[in-house]
Structures are given as C-alpha cells and as structure tokens.
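Coordinate analysis (summary)
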Amino acid sequence: MTHMDIAIPDDSFEVAKNMKATDRFEISVVGSDPLYSLLLPFRARRKNTHTFTIFNDDNKPIAMWGVLPTKKDNQRGCVWFLSDESALSEIRFLRNQKRAFLWVASHYKFIWNFCTEEQKKTIRWLKYLGFVFNGTSTLVNNVKMLYFYYEPTKVQIEPIDDLCGPRWATRMNQKVDNSKN
C-alpha cells in the first residue's frame, strides 16, 4: 500500500536515480539536477520547510514533495513534487495528498512554482489541489513554463498524523527547542 512519511536525505538518492524524464527536464531548465534538487530542502535548513517522501507497496521511495520558504518571513513558499512515472497514478495517494497538502499550505500565505506545459498529469494534480494557473506561458531560459500559485485560506486544518509513518511519529514525539531559531 502506498504511503507517505517525513523525508530524510537518504530518500533523495533513490528518487533521483528513477526520476521521470519530464521532471529531469524541468529542473534542468533552472540549472539544477535531480539529486541537488531533492537535497536542497535539507541543505537550506530554513524554518517552516516541509518535505515528504511517498513510498510504494515495497516500501521503496517513488516521489518526494514539499514546500521550501522563499522569503525571510517564511510565509511565501515554493512547492515542488519530483517522482518516477508511477507516483501520480494511485487514487488513494491523491486523496491523502490533498489533505497533507492543505496541512502544509496552512503554514504559508502564498505558494507558487512553474511547470512545463507537457506535464499534463502534474497540471491535473495541481488543479485538484486548488492551484490557479495564470493562463499564459512564461519563458524561463527559453522554455515555455506555466506559472501556478495557491493562496491558502484561514480554515481549521486537521492534523495528518494518520497519513504519515514512523518517521513522522518519531519527529512529533521529540521535544523541539525553538529558542535557537
């Protein structure tokens, strides 16, 4: 059964080597590569960063996603999702993903990113989550990209403890000293 858990850097290596071609192309447009892109949230070490890994039935990482703050106030974030070909095909995963996304989005005032026009499944998934596309292409390094954004509303968001695995449970049980941040 596909499941999600808090990501650790080790997951990045498995997802990077099996990443679908359209994701590889998309991140190359901005001058990055699969492994660097997946490890960035761990290297940036910004407060309010959320990164998750999706596992298949064999407990193998097949996708990673999250939001990385883009401003010092941690209220604007860049959402991302990098995967192999199978990750966007499971209905149960998509339903749980929306609930997890809404929980992550509740930590921000504005979330955004770009995707190529060829990412048809990704665009459908983003619209399902509630993202808005501005309707016109933008050139990013001479490649047509679609800009999308999400402005979360202030509503009560339910916790996602039942969606995540043992890594999440361990993290939530740790006492965090926020005085150092």
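Positions within a chain are numbered from 1, following the residues in the order the chain's sequence is written. Reporting in this predicted model follows two pLDDT cut-offs: at least 70 for local features of residues, and 80 or more for side-chain atom pairs to be given and counted; totals over whole chains, interfaces and linings ignore these cut-offs and use all residues. To obtain the side-chain values, all non-hydrogen atoms of the structure were included, while hydrogens and water were left out.

We now examine helix α3 (residues 34-44). Regarding α3, the residues found buried are Pro34, Ser37, Leu38, Leu39 and Pro41. Note on contacts: a residue pair qualifies if any of its non-hydrogen atoms lie within 4.5 Å across the two residues. In this description a helix means any DSSP run of H or I spanning at least four residues, a strand means any run of E spanning at least two, and both kinds are numbered starting from the N terminus. Where α3 is buried, its residues meet α1 (9-17), α2 (21-29), β2 (50-55), β3 (61-69) and β4 (76-83). The residue sitting at the N-terminus of α3 and contributing the capping side-chain oxygen is Asp33; that oxygen lies 3.1 Å from the backbone nitrogen of Leu35. Immediately downstream of α3, the backbone of Arg45 shows phi near 50°, a positive value. Here's how the labels work: a residue is buried when its accessible area is under 20% of the maximum for its type, exposed when over 50%, partly exposed in between, all with a 1.4 Å probe on protein chains only. For the purposes of these results, a polar contact is taken to be a pair of N or O atoms within 3.5 Å, where, inside protein, one atom must be able to donate a hydrogen and its partner to accept one; residues adjacent in sequence count only when each atom of the pair is a side-chain atom.

A few words on unusual backbone geometry. Here Asn48, not a glycine, exhibits a phi torsion of approximately 75°, which is positive. With respect to the element layout, Asn48 can be found in the loop between α3 and β2. Residue classification places Asn48 among the buried residues on the basis of a relative accessible area of 17%. Its identity is not glycine, yet Asn59 carries a phi of approximately 65°, on the positive side. Position of Asn59 among the secondary structure elements: in the loop between β2 and β3.

Turning our attention to the pairing of strand β7 (residues 143-150). The two faces of a sheet get side chains in turn, since along a regular strand they alternate between them. Note on pairing: DSSP must find at least two bridges between two strands before they are called paired. Sheet topology note: the strand β5 (residues 110-116)/β7 ladder contains six bridges and is antiparallel. Within β7, the position partnered with Asn113 by the bridge is Phe148. Relative to β7, strand β6 (residues 132-140) runs antiparallel, the two being bridged by six bridges. Bridging from a neighbouring strand, Ser137 pairs with Leu146 of β7. Counting the residues between successive antiparallel strands, the hairpin from β6 to β7 contains two residues, one of them, Asn141, with a positive phi of roughly 50°.

Moving on, we come to the sheet that holds strand β1 (residues 3-6). Across the sheet, which stays open at both edges, the seven strands sit in the order β1-β2-β3-β4-β5-β7-β6 with mixed pairing between neighbours. Both outer strands of the open sheet, β1 and β6, are each paired with one neighbouring strand and no more. The mean inter-strand angle of the sheet, taken between neighbouring strand axes irrespective of direction, is 25°. Axis definition: a line fit to C-alpha positions, over the contact stretch in the case of helices; interaxial angles, taken between N-to-C directions, run 0 to 180 degrees. Each of β1, β2, β3 and β4 touches α1; the most contacted strand, β3, lies at about 120° to it.

In this section: the environment of Ser86. Among the structural elements, Ser86 can be located in the loop between β4 and α4 (91-105). Ser86 gets classed as partly exposed once you look at its relative accessible area, which sits at 37%.

Moving on, we get to the packing of aromatic side chains. For any pair of aromatic rings, the description consists of the separation of the ring centres together with the inter-plane angle of the planes. Side-chain rings of Phe, Tyr and Trp, where Trp is taken by its six-membered ring, are said to pair if the distance between their centres is within 6.5 Å; with planes under 30 degrees apart they count as stacked, over 60 as edge-to-face, and otherwise as tilted. This structure, assessed with the given rule, holds eleven aromatic pairs. Measuring from ring centre to ring centre gives 4.8 Å for Phe81 and Trp125, while their planes differ by 50°; the resulting arrangement is tilted. Of this pair, Phe81 sits in strand β4 while Trp125 sits in helix α5 (residues 120-129), and the two are 44 residues apart along the sequence. Look at Phe81 and you get buried, because its relative accessible area is 11%. On the numbers, 5.5 Å between centres and 50° between planes, the contact of Phe131 with Tyr150 is tilted. Of this pair, Phe131 sits in the loop between α5 and β6 while Tyr150 sits in strand β7, placing them 19 residues apart in sequence. Connected via pairs of aromatic rings, a cluster forms that spans Phe101, Phe131, Phe133, Phe148 and Tyr150. The lysine or arginine in question, Lys127, covers the ring of Phe133, its NZ or CZ lying 5.6 Å from the ring centre. The criterion is that NZ of a Lys, or CZ of an Arg, lies within 6 Å of the ring centre and within 35 degrees of the ring normal, and then a charge sits over that ring.

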